[in-house]
Amino acid sequence: MSHALTTGEASLNETLDLEDLNGRTKTIRNTTVPVKDESGTTLGAVILNEDLTDLRRIQEALKLTQFSVDHAVEGFFWLNHRGEILNVNESACRMLEYTHEELTTMTIHDIDPHILSDNWPAHWEELKRRGSLTFESKHWSKTGQVLDTKVSVNYLHYDGHEYNCAIIRNITERKRAEAALRSSEARFRLLVEGAPLGIAIMDQQKRYVKVNQALCSLVGYLEEELLGQTFALFTHPDDLALNVAQTDALYSTSHPGCRIEKRYVRKTGETIWVTVNATSLAFPEEHEQHIIAIIEDTTDKKRAEQALRESQTRLTEAQRIAHIGSWELNLPENRLTWSEEVYRIFEVDPRRFGGSYEAFLKLVHPDDRDLVDLAYRKSVAARTPYNVVHRLLLPDGRMKFVRERCETFYTQDGQPLRSLGTIQDITEQKRTEEALQQREQDLRDAMEERERISQDLHDGILQSLYAIGLGLESCKPLIKQRTDKKATDLLEQAVSQMNHVMTEVRNFIAGLDPDVHQGGEFSAALHAMVQKLIASHPIHCRLAIDEPSVSHLSTEQALHLMNIVREAISNSLRHGHATKATVSLKPLAHSIRLTIRDNGTGFVPADVSGLGHGLSNMEARARKVGGRFAIRSVPQHGTRITIDLPKEYRHAESESEHGSTAARR
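Residues numbered from 1 in each chain as written. Predicted model: local features only at pLDDT ≥ 70, side-chain atom pairs only at ≥ 80, totals over all residues. Heavy atoms only, no water.

### Considering the overall build of the protein chain
- When you go through the protein chain residue by residue, the secondary structure sums to 22 helices and 23 strands.
- The contacts in the protein chain between residues at least 6 apart in sequence include a share of 48% that link residues at least 24 apart.
- For the protein chain, the computed accessible surface area is about 40,100 Å², with 53% contributed by carbon and sulfur atoms. (Helix = DSSP H or I, 4+ residues; strand = E, 2+ residues; numbered from the N terminus. Contact = heavy atoms within 4.5 Å. Areas by Shrake-Rupley, 256 points an atom, 1.4 Å probe, with all protein chains shown as cover.)

Here's what the structure looks like:
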């Protein structure tokens, strides 16, 4: 104002920032016009103040809006009703690779060939009617690149003119990602549908939301029958509780997955085995966990495993029954593997066995180790089968006999690779062979003894009896001449008794049969002998013979037991007047017991001087075959005789203790 008053010149549109009473800044536009008189002297001034605060704010907002539009990601296009491009922002220039000047000389038809000039009027009218449109299109850049775009168009009426404001976003990358996703989904669907394994997806409620054809075929249900159902539809009842618990754990924990072996019951009722590999996962577009399960039919595998187990069980049982074990020696690694039966034969704890060739040799009898080692090494070197019999020395001092066989396999260059073999416990066989040899020797000795006794009886006692008999017979005429009735009767009685004695001697000679035990005939021979003894006596005699125990008797033992039974039953008849008797042969823990029991009159053993000839003979016979003789008798309560024989009787020891056969002769 001072300038106008002093110079007489107007001051127009001065902008002043002033602070009002409330402390707010306001923008004021000031105009000062001097007032002069006719002579030109400045009399005063007219001052005009205009508050531009709101206008300034609008202008600033417009600048910000323009800046935002120019730097927006989307391209902004302003068009008129003829499709001419009136203005664009910087993003539109970058997107289409044109300058601002180039674009503002073009039409929408130059950059969007889908919008033809013939269709533009109709498009314009639709925009006016609706006010805005959104659609996807394609735009060509200056370099010929085709861009996928999303277009949002708004109809504007400003200052008497009509405008089309189009906002264009480049969605090329999104389109590529969507195409890749669709392709991936198509491949996934193809993979799921064509997979040979069952595949299923379950939601949080364990309901199937997706199943493939392989699973439908596996359980025998259609897809529409499975969707919305749970695995309880076809899970075996015995497996359901565990299956539910494992599935709940997948939903409630961060466990990456689980593997389940279970049974399915197909729609037809058939039970099959499956293996389920399940994994918990979350889909990005959904808020709940899902489980994807891959199911494999393992029925054939289970059956094969069961068949293998049954076969292995049968093999193990067969080896146990036959006492034959199998083994394998890996020669490069010196690793020895035994079957269960080999451990039983060697009586070794598998946990303490070294599993090597050297560990095996330590179990061989020390006297046989060099023999076994040499035989095996020769078989490997010569590529011949290995077959050897040797002994095992057990920790408690017992010995076993075993037979080993094996065959060795070699690499292509001739290096020994592994030996496969068997081992058989032949201890019983060896003992049987030894017992057979001993029994053969016993039989030969018994036959020689029989011949000697028969010859002695025949040539000695029997001939003497014959001579006595002849002498007595020659006395008969002399006695008859004297007509001595009493003498004649006594002579007749003596001759009769002599004939009876001779018959008994003949019967005794005939009874010395060494075959009573040969071929397992002991029981039959004993029964026949007892029946013959009691044939003319009112006595019932019961025999209880354990046949397995008979097999432990030697021929010599059998013969002596026969004579002991003969003597005992004879005593029961002649002296005890028994009406019942029992003969039994049974096994004990370490011996075999023969018992002869009767219900006769009995006696006091201590009152019998020297036990009598019959009792002393029985005791001597028992002692001769390594047995222990015992008698228990109570007057009016019968008599019991027991003989305990060792199961392992050695004839040689008996001879050394009682004298050899030749010495006894």
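Here the narrative resumes.
### Regarding the sheet that holds strand β23 (residues 639-646)
- Across the sheet, five strands lie side by side as β19-β20-β21-β23-β22; this open sheet has mixed pairing. A single partner strand is all that each edge strand has here, and the edge strands are β19 (540-545) and β22 (628-633). Averaged over all pairs of adjacent strands, the angle between strand axes in this sheet comes to 10 degrees, irrespective of strand direction.
- Taken together, the six bridges between β22 and β23 define a ladder with antiparallel strand orientation. In the strand pairing of β23, Arg628 is matched with Asp644.
- Where helix α17 (residues 522-534) meets the sheet, its contacts fall on β19 and β20 (580-587), and the angle it forms with β19 comes to roughly 170 degrees.
- Lying over the sheet, helix α19 (residues 555-574) contacts β19, β20, β21 (591-598) and β23, oriented at roughly 15 degrees with respect to β21. (Pairing = 2+ DSSP bridges. Axes fitted to C-alpha atoms, helices over the stretch in contact; angles between N-to-C directions.)

### A closer look at the sheet that holds strand β15 (residues 335-338)
- Here we have five strands laid out as an open sheet, ordered β15-β14-β18-β17-β16, and antiparallel in their pairing. Edge positions in the open sheet fall to β15 and β16 (386-393), since each of these has one partner strand only. Each neighbouring strand pair of the sheet contributes to a mean axis angle of 25 degrees, computed without reference to strand direction.
- Pairing geometry for strand β14 (residues 324-330) and strand β18 (residues 416-425), over seven bridges, is antiparallel. Across the sheet, Asn330 pairs through a bridge with Arg418, a residue of β18.
- Running at roughly 160 degrees to β16, helix α14 (residues 369-382) makes contact with β14, β16, β17 (399-410) and β18 of the sheet.

### So, a positive patch on the surface
- On the surface, Lys586, Arg597, Arg632 and Arg640 cluster together to form a positively charged patch.
- Mapped onto the fold, Lys586 is located in strand β20. (Patch = residues over 30% accessible without salt bridge, like charges linked within 9 Å, V, L, I, M, F, W, Y side chains within 5 Å. Salt bridge = Lys/Arg side-chain N within 4 Å of Asp/Glu carboxyl O. Lys, Arg positive; Asp, Glu negative; His and termini not counted. Charge placed at Lys NZ, Arg CZ, Asp CG, Glu CD.)

### Looking at unusual backbone geometry
- Residue Arg383 is not a glycine yet carries a positive backbone phi of 60 degrees.
- Of note, Arg383 is situated in the loop between α14 and β16.
- Here His577, not a glycine, exhibits a phi torsion of approximately 50 degrees, which is positive.
- Inspection of the secondary structure puts His577 in the loop between α19 and β20.
- According to the relative accessible area criterion, His577 is exposed, its value standing at 57%. (Buried < 20%, exposed > 50% of the residue type's maximum accessible area, 1.4 Å probe, protein only.)

### A word on the pattern of salt bridges
- Counted under the stated rule, the structure contains 31 salt bridges.
- Residues Arg344 and Glu341 are paired through a salt bridge, measuring 2.8 Å at the closest nitrogen-oxygen approach. With Arg344 and Glu341 both in helix α12 (residues 340-346) and three residues apart, this pair spans about one turn of that helix.
- Across the pair Glu347 and Lys400 runs a salt bridge whose closest N-O atoms are separated by 3.0 Å. Here the residue Glu347 occupies a position in the loop between α12 and α13 (357-363), and Lys400 occupies one in strand β17, the gap between them amounting to 53 residues.

### A closer look at the environment of Ser570
- Within the secondary structure layout, Ser570 lies in helix α19.
- A residue is classified by how much of its surface remains accessible, and Ser570, at 18% relative accessible area, is buried.
- Measuring from C-alpha to C-alpha, the distance between Ser570 and Ile534 comes to 8.6 Å, with 36 residues separating the pair along the chain.

### Some words on the packing of aromatic side chains
- If you walk through the whole model with that rule in mind, you get 14 aromatic pairs.
- Here the aromatic rings of Trp338 and Tyr343 are separated by 5.2 Å at their centres, their planes lie at 65 degrees, and the arrangement is edge-to-face. The burial state of Trp338 is the same as that of Tyr343; both residues are buried.
- Following the ring pairs from residue to residue traces out a cluster consisting of Trp338, Tyr343, Phe346, Phe353, Tyr357, Phe360, Tyr376 and Tyr386.
- Seen from the ring of Trp273, Lys302 lies directly overhead, with NZ or CZ sitting 4.5 Å from the centre.
- Its end group placed over the ring of Tyr410, Arg383 keeps NZ or CZ at 4.3 Å from the ring centre. (Phe/Tyr/Trp six-rings, centres within 6.5 Å; stacked < 30°, edge-to-face > 60°. Lys NZ or Arg CZ within 6 Å of the ring centre and 35° of its normal.)

### Notes on α17
- With 13 residues, α17 should reach 18 Å at 1.5 Å per residue; the first-to-last C-alpha distance of 18 Å fits that figure.
- Summarising the contacts, the buried residues of α17 are in contact with β19, α18 (547-550), α19 and β20. (Expected span 1.5 Å × (residues − 1).)

### Overview of the nonpolar core
- Counting 33 residues, the largest nonpolar core has Phe522, Val565, Ile569, Ile596 and Ile643 as its most contacted members.
- A per-element tally of this core places α19 first, with eight residues.
- Beyond its immediate chain neighbours, meaning those up to four positions away, Ile643 contacts Leu561, Ile564, Ile592, Arg593, Leu594, Ile596, Ala622, Arg628 and Phe629. (Core = buried A, V, L, I, M, F, W, Y, C linked by side-chain atoms within 4.5 Å.)

### A few points about the confidence of the model for the protein chain
- For the protein chain, per-residue confidence averages 81 on the pLDDT scale, and 80% of positions sit at 70 or higher.
- Mean pLDDT across the secondary structure elements of the protein chain bottoms out at helix α22 (residues 661-664), with 32, and peaks at α14, with 95.
- Scored below 50 in pLDDT, residues 512-519 shows 25 contacts in the model against residues more than four places distant or in partner chains.
- Segment residues 650-665 is flagged for pLDDT under 50; beyond a separation of four residues in sequence, or across chains, it makes 21 contacts in the model. (pLDDT = per-residue confidence, 0-100.)

### A word on α19
- With 20 residues, α19 should reach 28 Å at 1.5 Å per residue; the first-to-last C-alpha distance of 29 Å fits that figure.
- The buried fraction of α19 is high, at 16 of 20 residues.

### Structural notes on a nonpolar patch on the surface
- Together, Leu12, Val33, Val35, Leu43 and Val46 make up an exposed nonpolar region whose accessible area comes to about 450 Å².
- When residues of the nonpolar patch are traced back to their parent elements, those giving at least two are β2 (25-36) and β3 (42-51).
- Tracing the backbone through its elements, the reader meets Leu43 in strand β3.

### Here we look at the packing of α17 against α19
- Two elements in contact, α17 and α19, have axes whose closest approach is 10 Å; the angle formed by their N-to-C orientations is 20 degrees. Relative to α19, α17 is oriented roughly parallel. Crossing geometry of α17 relative to α19 is assigned as right-handed. Counted together, Phe522, Ala525, Leu526, Met529, Val530, Leu533 and Ile534 of α17 and Ala558, Leu561, Met562, Val565, Arg566, Ile569 and Leu573 of α19 form the full contact between these two elements.
- The residue inventory of the contact of α17 with α19, partitioned by class, reads 13 nonpolar, no polar and one charged. (Parallel < 35°, antiparallel > 145°, perpendicular 65-115°, else oblique. Left-handed = near helix turned anticlockwise from the far one by under 90°. Nonpolar A, V, L, I, M, F, W, Y, C, P; charged D, E, K, R; others polar.)

### Re the environment of Leu43
- We classify Leu43 as exposed; its relative accessible area is 60%.
- Setting aside residues no more than four positions away along its own chain, Leu43 makes contact with Val35, Lys36 and Asp37.

### Comments concerning the pairing of β16
- Pairing of β16 with β17 involves eight bridges; the strand directions are antiparallel. When the bridges of β17 are listed, Asn387 appears paired with Arg405.
- Hairpin connection from β16 to β17: five residues lie between these consecutive antiparallel strands, with Gly397 at a positive phi of about 95 degrees.

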